[in-house]
Amino acid sequence: MRTIRLHDTLTSELRTLSPRVAGQVGIYACGPTVYNRIHVGNARPFVVFSLLRRFFEHEGLSATLVINVTDVNDKIYDAARAQGIPSEGLAREMTRAYFRDTEELGLGRPDHEPLASETIGAIVAHIQALVDRGHAYAVGGDVYFRVRSDPRYGSLSGRTVDHMDQGEENDPAHLKEDPLDFALWKAGKEGEDTAWDAPWGRGRPGWHIECSVMAEELLGVGFEVHGGGNDLVFPHHENEATQTRMARDAELAQIWMHNGMLQTGSEKMAKSVGNVALLHEALETWGRDTLLWFFSTGHYRQPLAYTDEALQSAQDTVRRVRELARRLVAGPSPRRLASMTERFFTALAEDFNTPRALEALAEWRREAAEGDGNGDLHEMLAALGLENLLDAAAKAPDWVIELARARQRSRAVRNFSESDRLRDEIAAAGWVVRDVPAGFELVPAGG
């Protein structure tokens, strides 16, 4: 196994992955708050950490990936109230949509996908431990964490305690001992239709404590990699870290790994900004292969511009890989290509550098000749979730090809209703027809 190094936000350094148990690695990534359909930016951490699991497994590690679902949150209450529906019903509907949308990425499911609503008992116990240790206090049915009780608070985000704002909406500051303190438990309020019983009164958990507990429940304390978007470093991950540190006298995770934001124009893609591209619509427009290749073109820690030009470039590259696959044969690759394959995986071992890995893959493609074995190509593409591109080299049946030709003729005379009918008939046969400069190409559905 290669030495794997990942950038740790806490130390701002590359740290060597060091499993607690030989051969086993735990990854926790913060998932969506389910008050709406997820957008492509929400999908970036799902893709990054799903592919990271694949790479770990390629290196001989048994990797457990946990991505939670936040189904108890202020945003869910607000969205449900605006629609005039129960918050529990909205959360359930959007959770199903999230599973459905991410399933279309074809990366498999995380090993565990815990719901905050199903972890309430453990959350209450964790809060009680913090109260018993003097790190939290109850007032007016709420429970708050004493930020200044942790001398290491701010170490993850690099912030000075006196210059922090928790950013909590509807913050009842008059109840707090210190304006810096944040909510662990929130008393039920008018208009909030979902609540649970707790020693401090009926209510529901704060956002930060949910993830601390779900991560510990499934991976224990001191697991290897905690991931999420870099917009979560403060306050969410800072608060996760302190809650575990003060309750367990141990650090929640060894490495804090943060991905950059997807950008539309000069701003990050976000529902609050209103510049989102919903994932299910992007998949319909571009296909999962194009989206996965696009995500790999940017280093996970850097912002990534979501543009038609970038997606078109990714789609063109995917098409060229398929064309190369048609010229190769099944079996081991020739030894002359081995150094490029090695560089591909070395790049992933050094802070999961997918752009550098793609450079090695591009060189492999340039050097490969017709009739070479496709073994190394399959190995590299599998690390990116794209091994199906080799399957796409299979030739469509002659009758499907003839349907595609008939569709092309219909488009030439602008008979678009007939063209659409033929496209649907091709899709029913399990193939997707795509227009290209040379005419058309047929790829298996999902490719």
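Residues numbered from 1 in each chain as written. Predicted model: local features only at pLDDT ≥ 70, side-chain atom pairs only at ≥ 80, totals over all residues. Heavy atoms only, no water.

Draft legend 1. Broad picture of the sheet that holds strand β12 (residues 267–268). On the basis of which strands lie adjacent, the open sheet formed by 3 strands has the order β12-β11-β13 and mixed pairing. The open sheet has two edge strands with one neighbour each: β12 and β13 (304–305). In the sheet, strand β11 (residues 262–264) pairs with β13 via 2 bridges, with the strands oriented parallel. In the sheet register, Q263 faces β13, and the bridge partner there is A305. (Pairing = 2+ DSSP bridges. Helix = DSSP H or I, 4+ residues; strand = E, 2+ residues; numbered from the N terminus.)

Draft legend 2. Just helix α5 (residues 207–219), in detail. Between its first and last C-alpha atoms α5 spans 19 Å; for 13 residues at 1.5 Å apiece the expected length is 18 Å, and the two agree. Of all 13 residues in α5, 10 are buried, a share of seventy percent or more. Residue G220 follows α5 closely and has a positive phi angle near 80 degrees. (Expected span 1.5 Å × (residues − 1). Buried < 20%, exposed > 50% of the residue type's maximum accessible area, 1.4 Å probe, protein only.)

Draft legend 3. Examining the packing of aromatic side chains more closely. Taken as a whole and assessed by the stated rule, the structure comprises 10 aromatic pairs. Relative to F99, the ring of Y98 lies with its centre 5.5 Å away and its plane at 45 degrees, an arrangement referred to as tilted. On the numbers, 4.9 Å between centres and 75 degrees between planes, the contact of F344 with F345 is edge-to-face. Note on F345: relative accessible area 1%, which makes it buried. (Phe/Tyr/Trp six-rings, centres within 6.5 Å; stacked < 30°, edge-to-face > 60°.)

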